[in-house]
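Chains, contacts and geometry: an overview
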Amino acid sequence: MTTPPAEAPLASRLTWLIALRLVVLTVFLIVTAAVYLGGFTPGGFSSIVALVTVAAAYGVAGIYAVFLRMNRALRVIARAQLVTDQITWTALVYITGGATSGATSLYGLTCLTGAILLGLPGAIVAAASGATAYLVLCAALGLHLLGVPPDQPAGAYVTHWDELRYPLFVNLLAIMVVTLLASYLAERLRTTGGRLVQATARAEQAERLAALGRLAAGLAHEIRNPLGSIAGSIELLRTGGTLSDEDRMLCEIIQRETARLNDLVGDMLDLSRPRVPALEDVDLAATARDVVVLAGQSGRGGDVEVRFEGPASAPVSADAAQMRQVVWNLVRNAIQASSAGSVVAVRLWRDAGAWLLEIRDQGRGIPAGARDRLFDAFFTTRAHGMGIGLAVVKRILDDHGFTIEVDSREGEGTAFRVRIPAAGQQERVTGHTGHVAPRSHRAPVDSRWISGRARSGRE
Ligand code: ADP
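Since this is a predicted model, take the numbers as computed values, not measurements.

**Quick notes on the overall build of the protein chain**
- Looking only at helices and strands, one finds twelve helices and eight strands in the protein chain.
- Carbon and sulfur atoms make up 62% of the accessible area of the protein chain, which totals about 24100 Å².

Below, the structure written as structure tokens:
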């Protein structure tokens, strides 16, 4: 049987605790025998109690060690160990002065150990058992059920309730305070430790991704040239006119697949070599229309209808090539998520000083668990996906200061919505001119429909 992950640290902490308490106990007894009892007296009452206590503590530690090796009931062992410790300290308190013994401070030590081992529940077990054991000892001494050890000076012990009250109160208060403080500190330590582990894991993952990104960029660069030659040669072959229908179909497959590879390589390069956007006047409506037409003609082309609905023009200030990449990646994803016969709608409309560009599909939707990670590099749920497309989209939009939001219902479809300040508004936001965009730039006066067909990319 192996240790479950959550129990693994507990097992190692318990091993340390068993070893540590034996060391503390042994040292404490040696010091007590040598200093307090004035040397070990064979046959003396206190020495016998000390010896029995040490022997019992070692015996119990042995039993715990066996359970620990078997990885059984670790939490029960931890609690049992805390209770045993408090009983052991009570035996020592008894032979070293009773209620007023300095050894009562050991109760607090166990509360601290309990908090480190099990948090607040551990500290409470230790505090409750320590307080009970100490109370029972004081009660037994106060009620004269337990006499002063015969080899100890009777004057060093308090056995009347009047005298017992004060040490009892002080020690119980001390146990309580130590318990509260120790649990608070242990909890803080646990939370900070947890965060540190998470941050380290994230940093390591980022490092791995960065290395992977560099490798991918190098590869992408090398792949691009031969890919260009393949695409060019196939185009020549296909248009040569000497091919049979079957050969032409094979050429089309090669063209489609090289186009797919080219997309991938482009995305990888975009992701690994961020470029500052070169802002210029761009007509977003024209860009979206072009992408829709291209998607219809692309090698994927066939059974998904891609439509554009929006105004004749939508001027924005952006990097033209990068915006085209954004629209293309979103449309491509929408087609890939769609099944045959469904529609991908690209809509553009004006909303409070900005253009909203929506790419909506009727595909499978995005599971709730995947939504938080959609824009992470290398996150993919597709068998042949690389998880780069949306990371590129997000990076480009972030670089421009544009925003994107996702609205998805599993089984019903997904809509990605990009908000882009309209050209005049953008200037106003950055404080250059402060004028409002002319009326012709506003509402979608004449909505135009453009559509093409693409083949669904469901995997
Ligand atoms: P890839 O397409 O290579 O997987 P992306 O970064 O483009 O990489 O997309 C990441 C993931 O986001 C996809 O694997 C898919 O699970 C999900 N996704 C993106 N767009 C859509 C969409 N329109 N519908 C459903 N899932 C989507």
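**Details of the environment of valine 178**
- Assignment of secondary structure puts valine 178 in helix H6 (residues 161-239).
- For valine 178, a relative accessible area of 30% puts it in the partly exposed group.

**So, the site of the ligand**
- What surrounds the ligand is a group of 19 residues, the closest being Asp361, Thr380, Thr381, Met386 and Leu390.
- The side chain of asparagine 333 places a nitrogen or oxygen atom 2.8 Å from an oxygen atom of the ligand.
- Here an oxygen atom of the ligand sits 3.1 Å away from a polar atom, N or O, in the side chain of arginine 382.
- Of all elements in the fold, only helix H9 (320-337), helix H11 (389-400) and strand S7 (413-421) reach the threshold of two or more residues within the shell around the ligand.
- A per-class count over the shell around the ligand returns nine nonpolar, eight polar and two charged.

**Quick look at the UniProt feature "transmembrane region" (unreviewed entry) in the protein chain**
- As recorded in UniProt, the sites labelled "transmembrane region" (unreviewed entry) are residues 14-36, 48-67, 87-109, 116-146 and 166-186.
- For residues 87-109, the helix share is 61%, the strand share is 0%, and the end-to-end C-alpha distance is 13 Å.
- Taken end to end, residues 166-186 has its terminal C-alpha atoms 30 Å apart, with 100% of it in helix and 0% in strand.

**Considering the packing of aromatic side chains**
- One pass over the structure, following the stated rule, counts three aromatic pairs.
- Here the aromatic rings of tyrosine 107 and tyrosine 134 are separated by 5.8 Å at their centres, their planes lie at 65 degrees, and the arrangement is edge-to-face. Taken together, the residues tyrosine 107 in helix H4 (residues 105-118) and tyrosine 134 in helix H5 (residues 120-142) connect sequence positions 27 residues apart. Each member of the pair, tyrosine 107 as well as tyrosine 134, is classed as buried.
- With centroids separated by 6.4 Å and ring planes inclined at 85 degrees, the aromatic side chains of phenylalanine 375 and phenylalanine 416 adopt a geometry described as edge-to-face. Of this pair, phenylalanine 375 sits in the loop between helix H10 (368-371) and H11 while phenylalanine 416 sits in strand S7, placing them 41 residues apart in sequence. Grouping residues by exposure puts phenylalanine 375 and phenylalanine 416 together as buried.
- Of note, arginine 347 hangs over the ring of tryptophan 349, and the distance from its end group to the ring centre comes to 4.6 Å.
- Cation over ring: arginine 350 sits above tryptophan 355, and NZ or CZ is 5.3 Å from the ring centre.

**Focus on the nonpolar core**
- Counting 49 residues, the largest nonpolar core has Leu330, Val331 and Val346 as the members making the most contacts within it.
- Broken down by element, the residue count for this core peaks at eight residues, all from H9.
- Not counting the four nearest positions on each side in its chain, valine 331 is found in contact with Val291, Ala295, Val306, Val346 and Ile359.
- Core analysis: the second largest hydrophobic core is formed by 27 residues, Ala57, Ala99, Leu141 and Leu168 among them.

**Remarks on unusual backbone geometry**
- We note that histidine 144 has phi near 60 degrees; this positive angle belongs to a residue other than glycine.
- Within the element layout of this structure, histidine 144 appears in the loop between H5 and H6.
- On the basis of relative accessibility, which here comes to 53%, the residue histidine 144 falls in the exposed class.
- The backbone of phenylalanine 378 sits at a positive phi, close to 70 degrees, despite the residue not being glycine.
- Counting through the fold element by element, phenylalanine 378 comes out in the loop between H10 and H11.
- On the accessibility criterion, phenylalanine 378 (24% relative accessible area) is partly exposed.

**Let's talk about the pattern of salt bridges**
- Taken as a whole and assessed by the stated rule, the structure comprises 15 salt bridges.
- One salt bridge connects aspartate 407 with arginine 417, and the closest N-O pair in it is separated by 3.7 Å. Taken together, the residues aspartate 407 in strand S6 (residues 403-409) and arginine 417 in strand S7 connect sequence positions ten residues apart.
- On the basis of relative accessibility, which here comes to 34%, the residue aspartate 407 falls in the partly exposed class.
- Salt bridges linked by common partners bring Glu309, Arg347, Glu358, Arg360, Glu405, Asp407 and Arg417 together as one network.

**Details of the pairing of S7**
- Most of S7 sits inside the fold, with seven of its nine residues counted as buried.
- One ladder, built from eight bridges, connects strand S5 (residues 354-361) with S7; its direction is antiparallel. Bridge pairing in S7 links aspartate 361 to threonine 414.
- When S6 meets S7, the two strands line up antiparallel, connected through seven bridges. By the bridge assignment for S7, aspartate 407 is matched with alanine 415.
- Between S6 and S7, which follow one another and run antiparallel, lie three residues, and glycine 411 among them has a positive phi close to 85 degrees.

**So, the packing of H4 against H5**
- Interaxial distance between H4 and H5 falls to 6 Å at its minimum, and their mutual angle equals 155 degrees. Taken together, the axes of H4 and H5 lie roughly antiparallel to each other. In this structure, H4 meets H5 at a crossing whose hand is right-handed. Packed against H4, whose contacting residues are Tyr107, Thr110, Cys111, Gly114, Ala115 and Leu118, the element H5 presents Leu120, Pro121, Gly122, Ala123, Ala126, Ala127, Gly130 and Tyr134 at the interface.
- Looking at the contact of H4 with H5 residue by residue, the class counts come to ten nonpolar, four polar and no charged.

The rules behind each value
Residues numbered from 1 in each chain as written. Predicted model: local features only at pLDDT ≥ 70, side-chain atom pairs only at ≥ 80, totals over all residues. Heavy atoms only, no water. Helix = DSSP H or I, 4+ residues; strand = E, 2+ residues; numbered from the N terminus. Areas by Shrake-Rupley, 256 points an atom, 1.4 Å probe, with all protein chains shown as cover. Buried < 20%, exposed > 50% of the residue type's maximum accessible area, 1.4 Å probe, protein only. Near = heavy atom within 4 Å. Polar contact = N/O pair within 3.5 Å; in protein donor to acceptor, adjacent residues only side chain to side chain. Nonpolar A, V, L, I, M, F, W, Y, C, P; charged D, E, K, R; others polar. UniProt positions renumbered as here; feature names shortened; annotations may be inferred. Phe/Tyr/Trp six-rings, centres within 6.5 Å; stacked < 30°, edge-to-face > 60°. Lys NZ or Arg CZ within 6 Å of the ring centre and 35° of its normal. Core = buried A, V, L, I, M, F, W, Y, C linked by side-chain atoms within 4.5 Å. Contact = heavy atoms within 4.5 Å. Salt bridge = Lys/Arg side-chain N within 4 Å of Asp/Glu carboxyl O. Pairing = 2+ DSSP bridges. Axes fitted to C-alpha atoms, helices over the stretch in contact; angles between N-to-C directions. Parallel < 35°, antiparallel > 145°, perpendicular 65-115°, else oblique. Left-handed = near helix turned anticlockwise from the far one by under 90°.

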